[in-house]
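Each chain is listed here by its residues.
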Amino acid sequence: MRRRYEVSAMRSDSLPVPAPSDQRHQPVSQDSAAGLLVAVGRPAGSPETAAGGPLSIARLLGWRLWEGRWRVFGVLILIGIALYFSIPWVLGPVVSAQPVLRGALVQSVVASGRVETPHRVNVGSQITGTVASVPVLEGQTVAVGQVLVTLEDSELRASVEQAEAAVAQAAARLRQIIEVTLPVAQENLSQAQSNLLNAQQQYARAESLRSGGFETQVQLDNARRTLSVAQAQVRATQAQVAGNLPGGTEYVAAEAAQRQAGASLLVALSRLDYTQIRALEAGTLIARNVERGWVVQPNQVLMVLSPVGQIEIVVQIDEKNLGLVAVGQRASASADAYPDRRFAAELAYINPAVDPDRAAVEVKLRVVAPPDYLRQDMTVSVDIAVAERADTLVLPVSAVHDAAGAAPWVLRIEGGRAHRRAVRIGLRGPQRVEILDGLREGDLVVPSSAPVADGSRVRAVAAR
């Protein structure tokens, strides 16, 4: 009676004492649970057992499950991992498919080169001299006629003064001929002509007297000699007058001496002017290789001037693209220093020769409106538009296998699977290609970088 009292005094919702550790994880059936209740004082068939049995069994099962919770979690994780790896294997991987669209496409030839002017001016000295001053700096913009280098000029100034004196002397000689020598020669001619007339008269008189026997032969000979001297004087003075007249020998010699002195003066002035080395064109000094005190010589480059004018871009294109380019094609260029600023250019020259070492062709592009930030020898990239389609089927080049080969192909998605399809490519742009045959607008294509084989299942997601 005492034991029955203790059992009935227990709370009806209390849990049974846990079994020993070696029996905790054995499965519990309803019969074993009823037997357990009988063992603690409740008959298996009593109304109390019937009323509280299912609740006690549920609690006991919950306790057992709580003790084995880590095993349950482990099983759930294994199930999740199996599902994660089995779903892609069954349904296929998720790929960002590229759609075939209709739009405009421009095929271009991409090349890089440098900014140049049509020509450069090498500034040098025409004489040997010592540099007195260099009034300009590298990178400075200069105007036409501006002094760039000054040389010592003391010796050349003395040469100019000497040449000026020679010119004055030659001019004085010519003036002397005109104002003195010629008039004197003319007066001498008049006097000689008078003497000749007098000698002629005396000779005629002597000859007449000799024929009448009044003059001796000696007197007649003297008269003839006097006449001959007078005639010679006339001829001499005539030659003197003729030589001093304009066109005469003396006059021409004096004029030649004057011209020679003038030429010598011009040479001296020119050499003096060479001491002032000036800019023949307006532009920017891109190099300076001279300093004060240097001794410079002809054919020595002292400065390099980039004239103001049109700017060219000189690039080298691969010879395989030679058949695509033509003079007059438009291009878009950008300097590497300012990649976000693009400007227009036009193809103006194609070198007829191919460089055998680089397998490249030199091409020049004219920049009609050069931006302010362009500098000489800047590196630029150009895209020369060689062909254009306004409305055609286009596909990213990343979706085409063997795009540069003879038999390009793609993986087109059909019914959840990727199938290989041969395509025919037209124009080729930097990012997209023209599809002439093999695909239709709206088809989805697997990117060539995706690990998908022909015939594999895929789950396509349209690329943005």
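Everything below is about the structure printed above this text.
These notes cover the structure that comes with them. Being a predicted model, the structure only gives us computed values, none of them experimental.

In this section: the environment of Arg366. Turning to its location among the elements, Arg366 is positioned in strand 14 (residues 360-367). A sequence separation of 38 residues divides Arg366 from Gly328, and the C-alpha atoms of the two residues are 9.7 Å apart. Setting aside chain neighbours within four positions, we find Arg366 in contact with Gln310, Ile311, Ala345, Glu346 and Ala348.

On the basis of which strands lie adjacent, the open sheet formed by four strands has the order 7-6-4-9 and antiparallel pairing. At either end of the open sheet lies a strand with only one pairing partner, and these are strand 7 (276-278) and strand 9 (295-296). By the bridge criterion, three bridges tie strand 6 (residues 147-151) to strand 7 in an arrangement that is antiparallel. Counted as the bridge partner of Thr150 is Gln276 from strand 7.

In this model, Asn299 sits at a positive phi of 70 degrees, which is unusual for a non-glycine residue. Here Asn299 lies in the loop between strand 9 and strand 10 (301-307). Not every positive phi belongs to a glycine, and Asp377 is a case in point at roughly 70 degrees. Tracing the chain through its elements places Asp377 in the loop between strand 14 and strand 15 (379-396).

Spatially, the four strands line up as an open sheet ordered 3-10-8-5, and their pairing is antiparallel. Looking at the sheet topology across the chains shown, the edges are occupied by strand 3 (121-124) and strand 5 (141-142). Of the pairings in the sheet, the one linking strand 8 (residues 283-288) to strand 10 comprises five bridges and is antiparallel in character. Residue pairing across strands places Gly283 opposite Pro307, the latter belonging to strand 10.

So, about the side chain of Thr150. Its location among the elements puts Thr150 in strand 6. Here Thr150 falls in the buried class, since its relative accessible area comes to 15%. Polar side-chain contacts of Thr150 include one of 3.4 Å to the side chain of Gln276.

With that settled, consider helix 6 (residues 217-244). For helix 6, with 28 residues, the first-to-last C-alpha span of 41 Å sits near the 40 Å given by 1.5 Å per residue. Residues Leu220, Ala223, Leu227, Ala230, Val234, Thr237, Val241, Gly243 and Asn244 constitute the buried set of helix 6.

The subject of this paragraph is the pairing of strand 19 (residues 432-437). As judged from the three bridges shared by strand 15 and strand 19, these two strands associate in the antiparallel manner. Within strand 19, the residue paired with Leu395 across the bridge is Val433. Taken together, the three bridges between strand 18 (residues 424-428) and strand 19 define a ladder with antiparallel strand orientation. Along strand 19, the bridge assignment pairs Arg424 with Asp437. Linking two consecutive strands that pair antiparallel, namely strand 18 and strand 19, is a turn of three residues.

Our next topic: the packing of aromatic side chains. The tally for this structure, following the rule as stated, stands at one aromatic pair. Note on Tyr338 and Tyr373: the rings are 4.5 Å apart at their centroids and 45 degrees apart in plane angle, and the pair reads as tilted. Taken together, the positions of Tyr338 in strand 13 (residues 338-350) and Tyr373 in the loop between strand 14 and strand 15 put the pair 35 residues apart, joining distant regions of the chain. What makes Tyr373 buried here is its relative accessible area of 13%.

Once that is clear, we can look at the pattern of salt bridges. Side chains that differ in charge, positive against negative, can pair when their charged atoms come close. By the definition in use, this model includes 14 salt bridges. Put simply, Arg175 and Glu179 hold a salt bridge, and the shortest N to O gap is 2.9 Å. With Arg175 and Glu179 both in helix 5 (residues 154-212) and four residues apart, this pair spans about one turn of that helix. A salt bridge links Asp443 to Arg412; the nearest nitrogen and oxygen atoms lie 3.4 Å apart. With a gap of 31 residues between them, Asp443 in the loop between strand 19 and strand 20 (444-446) and Arg412 in strand 16 (residues 409-414) connect regions that are remote in the sequence. One network of salt bridges, with partners in common, ties together Arg412, Glu414, Arg421 and Asp443.

Procedures and definitions
Residues numbered from 1 in each chain as written. Predicted model: local features only at pLDDT ≥ 70, side-chain atom pairs only at ≥ 80, totals over all residues. Heavy atoms only, no water. Helix = DSSP H or I, 4+ residues; strand = E, 2+ residues; numbered from the N terminus. Contact = heavy atoms within 4.5 Å. Pairing = 2+ DSSP bridges. Buried < 20%, exposed > 50% of the residue type's maximum accessible area, 1.4 Å probe, protein only. Polar contact = N/O pair within 3.5 Å; in protein donor to acceptor, adjacent residues only side chain to side chain. Expected span 1.5 Å × (residues − 1). Phe/Tyr/Trp six-rings, centres within 6.5 Å; stacked < 30°, edge-to-face > 60°. Salt bridge = Lys/Arg side-chain N within 4 Å of Asp/Glu carboxyl O.

Geometric descriptors of this kind do not, in isolation, establish any biological role.
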